[in-house]
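Observations on the three-dimensional arrangement
Letter by letter, the chains look like this.
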Amino acid sequence: MVIQRRYVSRHPFVDRPTHEYPHVSIIRPLKGIDRNMQRTLESSFRQEYPGFFEILFAVEDPHDPAIAVANELIARYPKISARILVGQDNVGINPKVNNMLKAFEQARSDLLWICDSNVYTDPGTLRRSVDLMLGDRRIGVVHHVVFSESPDTLGAMLDNAFLVTNHCRMYLAINSFGIASCLMGKSNLYYKSALDSVGGLASFGQYLAEDNMIGQALWRAGWKHTMTGDLACQPTDIDSFSEYCRRRIRWVRVRKYNVTAATLYEPFTESIVLGLLTAWALNHLYGLDTITTFTTFFSCWFALDMLFFYRINHGPPPSWFWFVVSWLCREALALPLWFAAIVGNTVMWRGQKFRLHINGTVDVVK
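Summary of the structure given here.

Cut-offs used in this document
Residues numbered from 1 in each chain as written. Predicted model: local features only at pLDDT ≥ 70, side-chain atom pairs only at ≥ 80, totals over all residues. Heavy atoms only, no water. Helix = DSSP H or I, 4+ residues; strand = E, 2+ residues; numbered from the N terminus. Pairing = 2+ DSSP bridges. Axes fitted to C-alpha atoms, helices over the stretch in contact; angles between N-to-C directions. Salt bridge = Lys/Arg side-chain N within 4 Å of Asp/Glu carboxyl O. Buried < 20%, exposed > 50% of the residue type's maximum accessible area, 1.4 Å probe, protein only. Contact = heavy atoms within 4.5 Å.

Peptide bonds are, in most cases, trans, and in most cases residues other than glycine have a negative phi. Although it is not a glycine, asparagine 36 adopts a positive phi angle of roughly 55 degrees. Take asparagine 36: it is sitting in the loop between β1 (24-30) and α2 (37-45). In this structure, serine 150 is a non-glycine residue whose phi angle is positive, near 60 degrees. Along the polypeptide, serine 150 turns up in the loop between β5 (139-149) and α6 (154-177).

So this is what it looks like as structure tokens:
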């Protein structure tokens, strides 16, 4: 709860002159129509930032329907500098990097806020993030914990239960201890010059998890990572149970090659595995009943997760019944999906099959 209070509570703005705030370029990669897309993209226009900022929409296809949404917002906020950049570079297998590169190269500012198209942020997010970077020049990345909302299918509810409890809890804990880089590329503020110093954005096009590899590269170069108390809120977009399973398997498998030790340790952060080990240990040492111990442990874990969600959500879910059901299913599926991910070395992403390599790079399977 101490960690949660530190990283999820929004702090007041720092009182400093407007001219001290540097220019910022906000990069929004677009591809197709996301759920609540107008709301998520509009959150960039509504940032309460004292300095200058521009918004760069990066899109590959000139006929992409997302362009119409971006144009509507540009017309609605004529005082905000915003452009749509169309075209695609080919610097690797990562389509997001290929799409963003033109915006990265044309950005007018050294501070870059890369924010996915399906992410909504609070109007004060940019200012609080820049305040942190101005307060400590050793900070090279400010990132925001991902929080999902509006689940309306079984797959979406499972993904929501994962993101707002297990993932969010571990994300906050790892970043609190600061023992390694741990960031997700949904909403990150970087120095462009820092990225250039570790090879530039194009050099990360060979990885599927470019966000993780960028974070590791900056960490090794001595740049600190930190977080504001803001959330990167995304509407859940998983339509089915099978899609949820495929997504979890895909990203665990990718992490296996990017952060091997942490991935192998993952089962020991899950309630069922820890509960069974605790029950066995207390039975072996003190003769306590295994079933009673496990039930007590699991009930306490459940209660703490519900409290954790309530505090970070600032209120209850739309339905406690369905949230609890999806949480229980998520907990039960965690270990089987982890095993399924560990034994393979290929993933499907955006209709294309990729083979993963031990150094984190990937090849297209033809």
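Glancing now at the sheet that holds strand β8 (residues 346-349). A sheet is described by the order of its strands in space; here 3 strands give the open sequence β8-β9-β10, paired in antiparallel fashion. Two strands close off the open sheet at either side, each with one partner strand: β8 and β10 (362-364). Looking at each pair of strands side by side, their axes are set apart by 35 degrees on average, direction ignored. Pairing of strand β9 (residues 352-356) with β10 involves 3 bridges; the strand directions are antiparallel.

Let's shift gears to the pattern of salt bridges. Counted under the stated rule, the structure contains 22 salt bridges. With a shortest N-O distance of 3.9 Å, arginine 247 and aspartate 159 are connected by a salt bridge. Taken together, the residues span a long stretch of sequence, with arginine 247 in helix α9 (residues 241-258) and aspartate 159 in helix α6 at a distance of 88 residues. On the basis of relative accessibility, which here comes to 19%, the residue arginine 247 falls in the buried class. Each of Lys96, Asp116, Lys186 and Glu210 takes part in one network of salt bridges that share partners.

Right, let's get into the sheet that holds β5. Backbone hydrogen bonds are what pair the strands of a sheet, in a parallel or an antiparallel way. Strand order across the open sheet formed by 7 strands is β3-β2-β1-β4-β6-β5-β7, with mixed pairing between neighbours. Strand pairing shows two members of the sheet lacking a second neighbour, β3 (81-86) and β7 (224-235), which therefore form its edges. Each strand of the sheet is rotated relative to its neighbour by a mean of 20 degrees, with strand direction disregarded. Sheet topology note: the β1/strand β2 (residues 53-59) ladder contains 7 bridges and is parallel. Considered in β2, the bridge of arginine 28 is made with phenylalanine 57.

By the secondary structure assignment, threonine 346 is in strand β8. As a C-alpha pair, threonine 346 and leucine 356 span 10 residues in sequence and 5.8 Å in three-dimensional space. Leave out the neighbours within four places in its chain, and threonine 346 touches Arg253, Lys353, Phe354 and Arg355.

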